Amino acid sequence: MRLLSITVMLVSGFLHTSYAFAAEHNVTLDVSTMMCGADPHNIKNALSSLAGVSKVEIFLEQKTAIVTFDDQKSTVDQMLSAMAGAGYASLVKD
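A short tour of the structure in this document, coming up. (Residues numbered from 1 in each chain as written. Predicted model: local features only at pLDDT ≥ 70, side-chain atom pairs only at ≥ 80, totals over all residues. Heavy atoms only, no water.)

1. A closer look at the environment of Ser-48
Stated precisely, the cut-off is as follows: Only DSSP runs of H or I covering at least 4 residues are called helices, and only runs of E covering at least 2 are called strands; the numbering of each starts at the N terminus. Buried residues are those whose accessible area, probed at 1.4 Å on protein chains only, stays under 20% of the maximum for their type, while exposed residues exceed 50% and partly exposed ones sit between those limits. It only takes one pair of heavy atoms within 4.5 Å for two residues to be counted as in contact. Polar contact is the term for a pair of N or O atoms within 3.5 Å; when the atoms are in protein, one must be able to donate a hydrogen and the other to accept it, and sequence-neighboring residues count only if both atoms are side-chain atoms.
As for its placement among the helices and strands, Ser-48 is situated in helix H2 (residues 39-48). Classification of Ser-48 as partly exposed rests on a relative accessible area of 38%. In sequence terms Ser-48 and Phe-69 are 21 residues apart; their C-alpha atoms lie 9.6 Å from each other. With near-sequence residues (within four places) excluded, Ser-48 lies in contact with Val-53 and Val-56. Of note is the side chain of Ser-48, whose polar atom sits 2.8 Å from the backbone oxygen of Lys-44.

Right, dumping it as structure tokens:
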């Protein structure tokens, strides 16, 4: 019985700490195909639909999007794919 109790405590602790490895990141995307006033809305919708994306800031004049995301739920590759699916070519800006 004691071994079962210790095992449950260890598994429970592991499950709770696995979330500690997730980190919030920002990435800036260069969206050279963003041209008109409707584009920021479309881009924001495409990126916001991804799991783990918590914030999307669009800058039409600079043709950039800054995305805040949880790296355990979403990747930059997924963002680039979502952008391509919405009809916008994009690259990670250095």
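We are not done yet, so read on.
2. With respect to the nonpolar core
This is how it is decided: Only buried Ala, Val, Leu, Ile, Met, Phe, Trp, Tyr and Cys residues count toward a nonpolar core, and they belong to the same one when joined by side-chain atoms within 4.5 Å.
Counting residues in hydrophobic clusters, the biggest one holds 16 residues, and the most contacted among them are Leu-29, Val-31, Ile-43, Leu-47, Val-67, Met-79 and Met-83. Secondary-structure elements contributing two or more residues to this core are strand S1 (24-30), H2, strand S2 (53-59), strand S3 (64-70) and helix H3 (76-85). When residues no more than four places from it in sequence are discounted, the contact partners of Met-83 are Leu-29, Val-31, Ile-43, Leu-47, Tyr-88 and Ser-90.

3. Regarding the environment of Glu-57
Counting through the fold element by element, Glu-57 comes out in strand S2. The class for Glu-57 is partly exposed, based on a relative accessible area of 30%. Separated by 10 residues in the primary sequence, Glu-57 and Val-67 have C-alpha atoms spaced 6.5 Å apart. With near-sequence residues (within four places) excluded, Glu-57 lies in contact with Thr-64, Ala-65 and Ile-66.

4. Brief notes about the pairing of S2
Our working definition: Pairing between two strands is assigned when DSSP locates at least 2 bridges connecting them.
Where S2 and S3 come together, six bridges link them in antiparallel fashion. Across the sheet, Ile-58 pairs through a bridge with Ala-65, a residue of S3. As consecutive antiparallel partners, S2 and S3 are separated by four residues, and within that stretch Lys-63 has a phi angle of approximately 55°, a positive value.

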